[in-house]
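Working through the structure, step by step
Each chain, letter by letter, is given below.
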Amino acid sequence: MRLLHFDTDKPMDFIAVGRLCIDLNANEINRPMEETVTFTKYVGGSPANITVGMARLGMKTGFIGRVADDQMGRFIRHYLEENGIDTSSVITDEPGSVTGLAFTEIKSPTDCSILMYRDNVADLNLSPQDVSEDYIKQAKLLLISGTALAASPSREAVFLAVEYARKHGVVVVFDLDYRPYTWQSVEETATYYNLAAEKCDVIFGTREEFDMMEQFEADRSHDDQATANKWFDYHAKIVVIKHGKDGSIAYTKDGQSYTGTTFPAKVIKTFGAGDAYASAFIYGLMRGWDIPKCMEFGSASAAIVISSHSCSDAMPTADAIEDYMEKCRNGEVASHGHIN
Ligand SMILES: Nc1ncnc2c1ncn2[C@@H]1O[C@H](COP(=O)(O)OP(=O)(O)O)[C@@H](O)[C@H]1O
Ligand SMILES: O=C(O)C[C@@H](O)[C@H](O)C(=O)COP(=O)(O)O
């Protein structure tokens, strides 16, 4: 059974909608934020990272979003363009809003957290009028991410993008990307996440993210197969549930499930794993690979990114992923900072 159909007549491979932000990653690693004084600036925001990943993998990519009318906004636009990402649907917001910042705290390779500054951010000002039906219909795949559902008008813009995608046979992928501090209440969060997930072909999330969505259900079994089955009753063909260093499980609508293992990594920080995994997995899907091969590629890409200082800038090419897998097979990469 063919799970997904990518329309090869469409010129653009991949479009993401949502936030374009800045990551400020601690240079002094293995210490708390209180003692961290210097940071390196990168483009960030989960959908931005995934798009950079897709571009590095050679896909024709574009982005729909709003950036602040400031130096940070211009830095983001320039970085996307340098990476070959089409920015014709990246709008500069009216003066007054700011660029979202994510300061990363790297206490140890396994104890990382993010301090986000997201008041009055430009990305949540994306409006339905910014979403072009013509732009979306020429793409094979649309990626949405949960944080863009946190407030209006960005929320409506995402739902409209999904409607256009479905109308024109564009595969819709949902990366749950749940960031609690951007939301008002758990009730609101679960409501909008569930409404969006109903409309998507592929869903990526961690067990904790799916638990958040299921928190008001009578049957809260925390069971991965039960979670996947629920979405197969709507529109989903593939549901991927990520379990950090313990790997991932992919379920498909034809009743199969596949367990993905992890690659050894010299872990610097754990964030960025999910974005790298998603980009390489989606790349594999679009190349027509079987699910285990997509998972393997995703896990290898994740291992590379968590062994690097950045998320976006560390996104590997397909050759780099192949090389890494080869080195792992030859026992040339030892795990470090990896707690089993
Ligand atoms: N410590 C680790 N070592 C090796 N691979 C990892 C590690 N943590 C995560 N990964 C890989 O990255 C994937 C996604 O990671 P996860 O932490 O579950 O997502 P997210 O970053 O979205 O929270 C995992 O399925 C796994 O393949
Ligand atoms: O998503 C953000 O705004 C911050 C990201 O750029 C960040 O680096 C990160 O947390 C990546 O998310 P993950 O892949 O889910 O770990």
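Once a new chain begins, its residue numbering starts again from 1 and follows that chain's sequence as written. Working convention: letters from A go to chains and numbers from 1 go to ligands, in the order in which they are written. Owing to the predicted nature of the model, reporting of local features is limited to residues with pLDDT of at least 70; listing and counting of side-chain atom pairs is limited to 80 or more, with chain, interface and lining totals taken over all residues. As a convention, hydrogens and water are excluded, and side-chain values are obtained from all of the structure's heavy atoms.

As named in an unreviewed UniProt entry, the protein chain is 5-dehydro-2-deoxygluconokinase, taken from Novibacillus thermophilus. UniProt positions are given in the numbering used here, feature names are shortened, and annotations may be inferred rather than shown by experiment. As stated in UniProt under Catalytic activity (unreviewed entry), the record for the protein chain gives "5-dehydro-2-deoxy-D-gluconate + ATP = 6-phospho-5-dehydro-2-deoxy-D-gluconate + ADP + H(+)".

Turning our eyes to something else, we now look at the site of ligand 1. Whether a residue is near a molecule or strand depends on its heavy atoms: if one lies within 4 Å, it is near. Surrounding ligand 1, one finds 16 residues, the nearest of these being Lys242, Gly244, Gly247, Gly274 and Ala302. Within the backbone of glycine 244, a nitrogen or oxygen atom sits 2.7 Å from an oxygen atom of ligand 1. Polar contacts here mean pairs of N or O atoms no more than 3.5 Å apart (in protein, one a potential hydrogen donor and the other a potential acceptor; neighbouring residues in sequence count only if both atoms are side-chain atoms). With respect to ligand 1, the backbone of glycine 247 contributes an N or O atom lying 3.2 Å from an oxygen atom. In isolation ligand 1 has 550 Å² of accessible area, and contact with the protein removes 84% of it. Only the protein chains shown count as cover for residues, and all accessible areas are computed by the Shrake-Rupley method using a 1.4 Å probe.

The subject of this paragraph is the environment of leucine 4. Here leucine 4 is to be found in the segment before strand S1 (12-17). The contact criterion used is simple: two residues touch if any of their non-hydrogen atoms lie within 4.5 Å. For leucine 4, the contacting residues outside a window of four places in its chain are Val171, Asp201, Val202, Lys237, Ile238 and Leu285. Labels follow the DSSP assignment, with helices taken as runs of H or I lasting at least four residues and strands as runs of E lasting at least two, numbered in each case from the N terminus.

As used in this record, nonpolar core signifies buried Ala, Val, Leu, Ile, Met, Phe, Trp, Tyr and Cys residues forming a set joined through side-chain atoms within 4.5 Å. Only protein chains enter the area calculation, which uses a 1.4 Å probe; residues under 20% of their type maximum are buried, those over 50% are exposed, and those in between are partly exposed. With 66 residues, the main nonpolar core has Ile238, Phe281, Ile282, Leu285 and Phe297 as its most contacted residues. When residues of this core are assigned to their parent elements, the largest contribution, ten residues, is made by helix H9 (residues 291-306). Not counting residues up to four positions away in its chain, the partners in contact with isoleucine 238 are Leu3, Leu4, Asp201, Val202, Ile203, Phe232, Tyr251, Thr252, Phe281, Leu285 and Ile291. Ranked by size, the runner-up nonpolar core spans 43 residues in total, among them Ile64, Leu126, Leu149 and Met212.

This part takes up the packing of helix H1 (residues 46-56) against helix H8 (residues 273-286). Packed helices, taken two at a time, are described by their axes: the angle between them and the distance between them. Axis definition: a line fit to C-alpha positions, over the contact stretch in the case of helices; interaxial angles, taken between N-to-C directions, run 0 to 180 degrees. The contact between H1 and H8 brings their axes to 8 Å, and the two run at 45°. In terms of axis orientation, H1 runs oblique to H8. Along this stretch, H1 crosses H8, giving a crossing that reads as right-handed. Where H1 abuts H8, its residues Ser46, Asn49, Ile50, Gly53 and Met54 lie against Asp275, Ala278, Ser279, Ile282, Tyr283 and Met286. Across the contact of H1 with H8, the residue classes tally to six nonpolar, four polar and one charged. Angle categories: roughly parallel below 35 degrees, roughly antiparallel above 145, roughly perpendicular from 65 to 115, and oblique for all the rest. Crossings are sorted by hand: turned counterclockwise from the far helix by less than a right angle, the near helix makes the crossing left-handed, and turned clockwise it makes it right-handed. Each residue receives one of three labels: charged for Asp, Glu, Lys and Arg, nonpolar for Ala, Val, Leu, Ile, Met, Phe, Trp, Tyr, Cys and Pro, and polar for the others, Gly being one of them.

Right, let's get into the packing of aromatic side chains. Side-chain rings of Phe, Tyr and Trp, where Trp is taken by its six-membered ring, are said to pair if the distance between their centres is within 6.5 Å; with planes under 30 degrees apart they count as stacked, over 60 as edge-to-face, and otherwise as tilted. Counted under the stated rule, the structure contains twelve aromatic pairs. Centroid distance phenylalanine 103 to tyrosine 117: 5.3 Å. Interplanar angle 65°. Geometry classified as edge-to-face. Residue phenylalanine 103 is located in strand S6 (residues 101-108), and its partner tyrosine 117 is located in strand S7 (residues 111-117); the two are separated by 14 residues in the primary sequence. Between the aromatic rings of tryptophan 289 and phenylalanine 297, the centroid separation amounts to 4.9 Å while the plane-to-plane angle is 90°, which identifies the pairing as edge-to-face. Take tryptophan 289 and phenylalanine 297: they sit in the same class, and that class is buried. Following the ring pairs from residue to residue traces out a cluster consisting of Phe174, Tyr178, Trp183 and Tyr193. Here the basic side chain of arginine 155 rests over the ring of tyrosine 192, its NZ or CZ set 3.7 Å away from the ring centre. In this structure, lysine 293 packs its charged tip against the face of tryptophan 289, placed 4.2 Å from the ring centre. In this analysis the charged atom, NZ for Lys or CZ for Arg, is taken to sit over a ring once it is within 6 Å of the ring centre and within 35 degrees of the ring normal.

Turning our eyes to something else, we now look at the site of ligand 2. As a structural note, the neighbourhood of ligand 2 is formed by 15 residues, with Arg19, Asp23, Gly45, Ile114 and Gly272 the closest of them. Here an oxygen atom of ligand 2 and a side-chain polar atom of aspartate 23 are 2.8 Å apart. Within the side chain of arginine 179, one N or O atom sits 3.0 Å away from an oxygen atom of ligand 2. Starting from 400 Å² of accessible surface for ligand 2 in isolation, the protein chains cover 89%.

What follows concerns the state of the cysteines. For the purposes of this analysis, a disulfide is any pair of cysteine sulfur atoms at a distance within 2.5 Å. Taken as a whole, this structure holds zero disulfides when the rule is applied. Summary of cysteine pairing: cysteine 200 is not part of a disulfide, and the nearest cysteine sulfur, belonging to cysteine 294, is at 18 Å. Taking relative accessible area as the criterion, cysteine 200 reaches 0% and is therefore assigned buried.

Turning our eyes to something else, we now look at the pattern of salt bridges. Salt bridge, as applied in this entry: a Lys or Arg side-chain nitrogen positioned within 4 Å of an Asp or Glu carboxyl oxygen. Counting across every chain of the model gives 20 salt bridges. Here aspartate 224 and arginine 207 are joined by a salt bridge, their closest N and O atoms 2.7 Å apart. Placement of the pair is aspartate 224 in helix H7 (residues 224-232) and arginine 207 in helix H6 (residues 207-213), with a sequence separation of 17 residues. Taken individually, aspartate 224 and arginine 207 each receive the classification buried, so the pair is uniform in this respect.

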